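# An overview of the molecular structure
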2 protein chains.
Amino acid sequence: MDLSERKLKILQAIISDYVRTAEPVGSRTLSKHPELGFSPATIRNEMADLEEMGYLTHPHTSAGRVPSDKAYRLYVNAMMEKKELSREEKIVIAERLKGSATEFEKTIEHAASILSEITNLTSFALTPKKTEDVLKYINLLPVDEDTVVLMIVSESGKVSNKAIQMNVPYTDENLQLLSKTMTYNYKGKTISQALTNNIIANFETDIVAMSGLAEDVMPNFMRTLEDMLNVNLYMEGLTNIFDIPEYSDLEKAKNFIHMLSQKEELTKKLIERDDGIIVTIGEENADDVMQDCSLITASYHVDGRLVGKIGVIGPTRMKYGEVTSLMEFLTDNLNNTFKLESGGNEDDE
Amino acid sequence: MDLSERKLKILQAIISDYVRTAEPVGSRTLSKHPELGFSPATIRNEMADLEEMGYLTHPHTSAGRVPSDKAYRLYVNAMMEKKELSREEKIVIAERLKGSATEFEKTIEHAASILSEITNLTSFALTPKKTEDVLKYINLLPVDEDTVVLMIVSESGKVSNKAIQMNVPYTDENLQLLSKTMTYNYKGKTISQALTNNIIANFETDIVAMSGLAEDVMPNFMRTLEDMLNVNLYMEGLTNIFDIPEYSDLEKAKNFIHMLSQKEELTKKLIERDDGIIVTIGEENADDVMQDCSLITASYHVDGRLVGKIGVIGPTRMKYGEVTSLMEFLTDNLNNTFKLESGGNEDDE
DNA sequence: ATTAGCACTCCGATACATTGAGTGCTAACA
DNA sequence: TGTTAGCACTCAATGTATCGGAGTGCTAAT
């Protein structure tokens, strides 16, 4: 089942040629490769073998060979070499990320820009899912006779709020009491814990509940917590696919763009992916509309806990080595950036 | 300079045929129109005149005629008839908008969805620019030893906030004093007024300023005000253009999508447009990349003051009558929705 | 003023020949 | 026995020629 040294070399050459040119590569071209000192005929034999084994395909009889998904998988697993970025590139990238360091979301957005610019693919970035963010402080503030503002502050520095229309008259004392009770009950809990353990039951016996205040406030509190879990999806380089030969077919381009326009679904797909750098190639993607794409995602961490994602999507024919190396560098950089800031002064909204 | 009755009829027929079929329309076809009982030859003469006057073009010698931008302009100004929506359509649309009435932004987003679904064009919706929103209440809340939350509430119900890292130690009294001073100074002012009249000078002599507190707070206050002016752009039906013959050319489709991906620029263009229903046709658009598109925007009002926009963009060949009627209905509906709520419980973020 | 008639133009579809890159196979070779 | 040269074959892509049809513009008749 193992491939001979020579077959591997040939396969690698085919992949790298094809990735570069997008044209099926033939035996003649390959025999000119410096690493492959064999005649076209020999290479043809090997290619026939490789095709039988499922690593290559044939668009039609008189065309060269094209790597299959299986070939790319082998390449990514075993043959691909990381392409370390040059010192200059690293500096430029780091600068660009740092240039917007005060604004959390901007930094993420820039990461996506960089990714699409360098790879010439479509990239995206997902802000962290705050499931594990810890509640710190809850307050209720009087505004009007019938309006109260609920404010929630979390460890990561996120501040959320909501104006609540009160059905029941309230007093400042009651508000304060409820704020304190809520803070006492929820402080130190993660958002997901707060959402699953509805502590409203505890209030039942309390004077606050008697006043009906909690009935007005708690549903809004829960909704606001849910809102806090929302993530933002940034996308860059959408039109890059028009320059990729694979998508010179209008129908294909349409499907691609249509898929990427479904932001909610896309977000869901991305969140579900495992941590670390994950490469899924062509048919490995569960999704029908992604059967001829490769998707690469990487996760970054804020404060070592909250997990966000960046990624690229493009044709299966892509420079896996370069892309993954770049993504590795980017996530490392993001991890560091968000570690130093360490829950500092982030931006709301 | 005026066009004869007959010429007008012919032009109208050409436009309506061309809008429907996207094919150049010839004299034969026209002579079969029930309204036009003339022979092809007669119609040809008239068409030649219309072409000379700039209302028609000729893709090539042996092709039918195509309306020019000038023709569309005439059509929109003088010939187009509003197409009242049916009672059922109105009900369905109103229901869809109401279904999300509690969430301001969702309502806007739905308006865009409806617009693109019915017109089969690309649509967008812009949340209102809050320049004229009036400040109501400003508060500073202690969180940490070195963290304070700034909270701003406006008449429209929008609540904004920002966590501030304090460089100077503060006391609760100082915070309260500063909150009160700020509220006193800014309450009743619009956001744009607050942004232009920097009242920080007034504080100079005040004890609060002495403590250095204001220096920490004011820049953040200003930044937050600016953030409050940010608008959101929703876009729907981006891929609809792939079904439009005009964009079966890959290059054109690319340019179109690329233009719409530049969200900031697009937002700026849209905001700048006058109120009411505005139609700009082809070359009337200042922008190079929009020379063969028509853009229709309409404004809706929240509380009669804040102005948001909805719109569609597509090929100059579009059903102006139907689209503008629909947009009129939508904006009327939005105006009412946001009037009844009257600064009620809107959503932050 | 309108229209029938006709020559003319030009696009688009169809058919056909040509080219060239590449294959698979066989037989010769080291 | 593995490698290679040679050769017939395949097939997409390209170019060329032809033809039909839709539509025009002009002229002459009504």
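Residues numbered from 1 in each chain as written. Chains lettered and ligands numbered in written order. Predicted model: local features only at pLDDT ≥ 70, side-chain atom pairs only at ≥ 80, totals over all residues. Heavy atoms only, no water.

Our focus in this paragraph is the protein's contact with DNA strand D. Not every one of the 20 residues close to DNA strand D is listed here, only the nearest: Arg 6, Thr 42, Thr 61 and Ser 62 of chain A together with Ser 27 of chain B. Within 4 Å of the protein, atoms of DNA strand D come from sugar and phosphate in 70% of cases. One of the side-chain N or O atoms of Arg 44 of chain B is found 3.0 Å from a base oxygen in DNA strand D. Looking at the surface near DNA strand D, the elements that each hand over two or more residues are helix H3 (40–52) of chain A together with helix H3 (40–52) of chain B. (Near = heavy atom within 4 Å. Polar contact = N/O pair within 3.5 Å; in protein donor to acceptor, adjacent residues only side chain to side chain. Helix = DSSP H or I, 4+ residues; strand = E, 2+ residues; numbered from the N terminus.)

Residues and elements named next belong to chain B. In terms of burial, strand E3 (residues 122–129) is largely enclosed, as seven of its eight residues are buried. Bridge analysis of E3 against strand E10 (residues 306–315) gives six bridges, and the strand direction is antiparallel. Looking at E10, one finds that Phe 124 is bridged to Gly 311. As paired strands, E3 and strand E7 (residues 233–236) are joined by four bridges and run antiparallel to one another. Note on E7: the bridge partner recorded for Ala 125 is Tyr 234. (Buried < 20%, exposed > 50% of the residue type's maximum accessible area, 1.4 Å probe, protein only. Pairing = 2+ DSSP bridges.)

Attention now moves to the nonpolar core. Grouped together as the largest cluster of nonpolar side chains are 150 residues, with contacts concentrated most on Tyr 320 of chain A together with Tyr 320 of chain B. Tyr 320 of chain A has contacts with Tyr 72, Tyr 75, Val 76, Met 80, Val 279, Ile 281, Ser 294 and Ile 296 of chain A, leaving out every residue within four places of it along the chain. (Core = buried A, V, L, I, M, F, W, Y, C linked by side-chain atoms within 4.5 Å. Contact = heavy atoms within 4.5 Å.)

What follows concerns the protein's contact with DNA strand C. Taken together, 20 residues form the shell around DNA strand C, and within it Ser 27 of chain A together with Arg 6, Thr 42, Thr 61 and Ser 62 of chain B come nearest. The contact atoms of DNA strand C, taken as those within 4 Å of the protein, divide so that sugar and phosphate hold 71%. The separation between a phosphate oxygen of DNA strand C and a polar side-chain atom of Arg 6 of chain B is 2.9 Å. Within the side chain of Thr 42 of chain B, an N or O atom sits 2.5 Å from a phosphate oxygen of DNA strand C. Looking at the surface near DNA strand C, the elements that each hand over two or more residues are H3 of chain A together with H3 of chain B. Counting residues per element, the surface near DNA strand C draws most heavily on H3 of chain B, at four residues. Taken together, the residues of the surface near DNA strand C break down into four nonpolar, twelve polar and four charged. (Nonpolar A, V, L, I, M, F, W, Y, C, P; charged D, E, K, R; others polar.)

This part covers the sheet that holds strand E4 (residues 135–142) of chain A. All names here are of chain A. The sheet built from three strands is open, its strands ordered E4-E5-E6 with antiparallel pairing. A strand with exactly one partner marks an edge of an open sheet, and here the two such strands are E4 and strand E6 (159–165). Neighbouring strand axes in the sheet, compared pairwise and without regard to direction, differ in orientation by 15° on average. In this sheet, strand E5 (residues 147–154) lies alongside E4 in antiparallel orientation, the contact comprising seven bridges. Following the sheet pairing, Leu 141 is matched in E5 by Val 149. Those strands touched by helix H7 (residues 172–186) are E4 and E5, and its axis lies near 170° from that of E4. Sheet strands touched by helix H11 (residues 213–229): E4, E5 and E6. Its angle to E6, the strand with the most contacts, is close to 145°. (Axes fitted to C-alpha atoms, helices over the stretch in contact; angles between N-to-C directions.)

Attention now moves to the interface of chain A and chain B. Contact with chain A, which involves 39 residues of that partner, is made by 39 residues of chain B. Buried surface at the junction of chain A and chain B, summed over both partners, amounts to about 3200 Å²; 56% is from carbon and sulfur atoms. Counting across the interface, chain A meets chain B through four salt bridges. Between Lys 136 of chain A and Asp 144 of chain B there is a salt bridge, with the nearest N and O atoms lying 3.3 Å from each other. Counting across the interface, chain A meets chain B through six residue pairs in polar contact (both at pLDDT 80 or more). Those elements that provide at least two residues to the side of chain A that touches chain B are E4, E5, E6, H11 and helix H12 (250–261) of chain A. (Buried area = accessible area lost by both parts, 1.4 Å probe. Salt bridge = Lys/Arg side-chain N within 4 Å of Asp/Glu carboxyl O.)

Turning our eyes to something else, we now look at the packing of H7 of chain A against H11 of chain A. Residues and elements named next belong to chain A. At a minimum axis separation of 11 Å, H7 and H11 run at an interaxial angle of 45°. Considered as vectors, H7 and H11 are oriented oblique to each other. H11 is crossed by H7, and the crossing has right-handed handedness. Residue-level contacts link Asn 174, Leu 175, Leu 178, Met 182 and Tyr 186 of H7 to Leu 213, Ala 214, Val 217, Met 218, Phe 221 and Met 222 of H11. Class assignment of the residues belonging to the contact of H7 with H11 gives a composition of ten nonpolar, one polar and no charged. (Parallel < 35°, antiparallel > 145°, perpendicular 65-115°, else oblique. Left-handed = near helix turned anticlockwise from the far one by under 90°.)

This part takes up H3 of chain A. Each α-helix winds once per 3.6 residues, and so residues spaced three or four apart point in a common direction. Residues and elements named next belong to chain A. Spanning 13 residues, H3 covers 18 Å between terminal C-alpha atoms, matching the ideal 18 Å at 1.5 Å per step. Turning to H3, its buried residues number three or more, namely Ile 43, Glu 46, Met 47 and Leu 50. When H3 is viewed along its axis, its buried side chains cluster within an angular range of 105° and face the same direction. When the buried face of H3 is taken as reference, the exposed residues oriented beyond 90 degrees from it are Asn 45 and Glu 52. Residues of H3 that are buried sit in contact with helix H1 (5–21), helix H2 (27–31) and strand E1 (56–57). A positive backbone phi angle near 95° is found at Gly 54, which sits one or two residues after H3. (Expected span 1.5 Å × (residues − 1). Arc of directions from axis to C-beta.)

Between chain A and chain B, which share one sequence, the superposing operator has a rotation angle of 180° and an axial displacement of 0.1 Å; the RMSD is 0.1 Å. Taken together, these values place the two copies in the relation of a two-fold axis. (Least-squares fit on C-alpha atoms with pLDDT ≥ 70 in both.)

This next bit is on the pattern of salt bridges. All names here are of chain A. In the structure shown here, the tally under the stated rule is 32 salt bridges over all chains. The salt bridge partner of Lys 106 is Glu 109, with a shortest N-O separation of 3.8 Å. Pair noted here: Lys 106 and Glu 109 are both in helix H6 (residues 104–119), with a separation of three residues, about one helical turn. You can call Glu 109 buried: its relative accessible area is 17%.

Residue and element names in this part refer to chain A. With twelve residues, helix H5 (residues 87–98) extends 16 Å between its outermost C-alpha atoms, agreeing within 8% with the 16 Å of an ideal straight helix rising 1.5 Å per residue. Looking only at H5, the buried set comprises Ile 93, Ala 94 and Leu 97. In a view along the axis of H5, the buried residues occupy a sector of 100°, so they form one face of it. Along H5, the residues that are exposed and aim more than 90 degrees away from the buried face are Glu 88, Val 92 and Glu 95.

Take unusual backbone geometry next. Residue and element names in this part refer to chain B. Although it is not a glycine, Ala 22 adopts a positive phi angle of roughly 65°. With respect to the secondary-structure elements, Ala 22 resides in the loop between helix H1 (5–21) and helix H2 (27–31). The class for Ala 22 is buried, based on a relative accessible area of 17%.

What follows concerns the sheet that holds strand E4 (residues 135–142) of chain B. Residues and elements named next belong to chain B. An order of E4-E5-E6 is seen for the three strands of this open sheet, with the pairing classed as antiparallel. Edge positions in the sheet fall to E4 and strand E6 (159–165), since each has one partner strand and no second. The mean angle between the axes of side-by-side strands here comes to 15°, regardless of whether they run parallel or antiparallel. Contacting E4 and strand E5 (147–154), helix H7 (residues 172–186) crosses the sheet at an angle of about 170° to E4. Contacts from helix H11 (residues 213–229) reach E4, E5 and E6, with the element oriented near 145° to E6.

Here the structure, examined in full by the defined rule, presents eleven aromatic pairs over all chains. Centre to centre, the rings of Phe 104 of chain A and Phe 338 of chain A are 4.7 Å apart; their planes meet at 35°, and the pair counts as tilted. Of the two residues, Phe 104 of chain A sits in helix H6 while Phe 338 of chain A sits in helix H14 (residues 320–341), which places them 234 residues apart along the sequence. Accessibility expressed as a relative area gives 3% for Phe 338 of chain A, which makes it buried. Where Phe 242 of chain A meets Phe 242 of chain B, the ring centres are 6.5 Å apart and the plane angle is 20°; that geometry is what we call stacked. Taken together, the residues Phe 242 of chain A in the loop between strand E7 (233–236) and H12 and Phe 242 of chain B in the loop between E7 and helix H12 (250–261) connect one chain to another. (Phe/Tyr/Trp six-rings, centres within 6.5 Å; stacked < 30°, edge-to-face > 60°.)

Taken by themselves, the reported measurements are silent on function.
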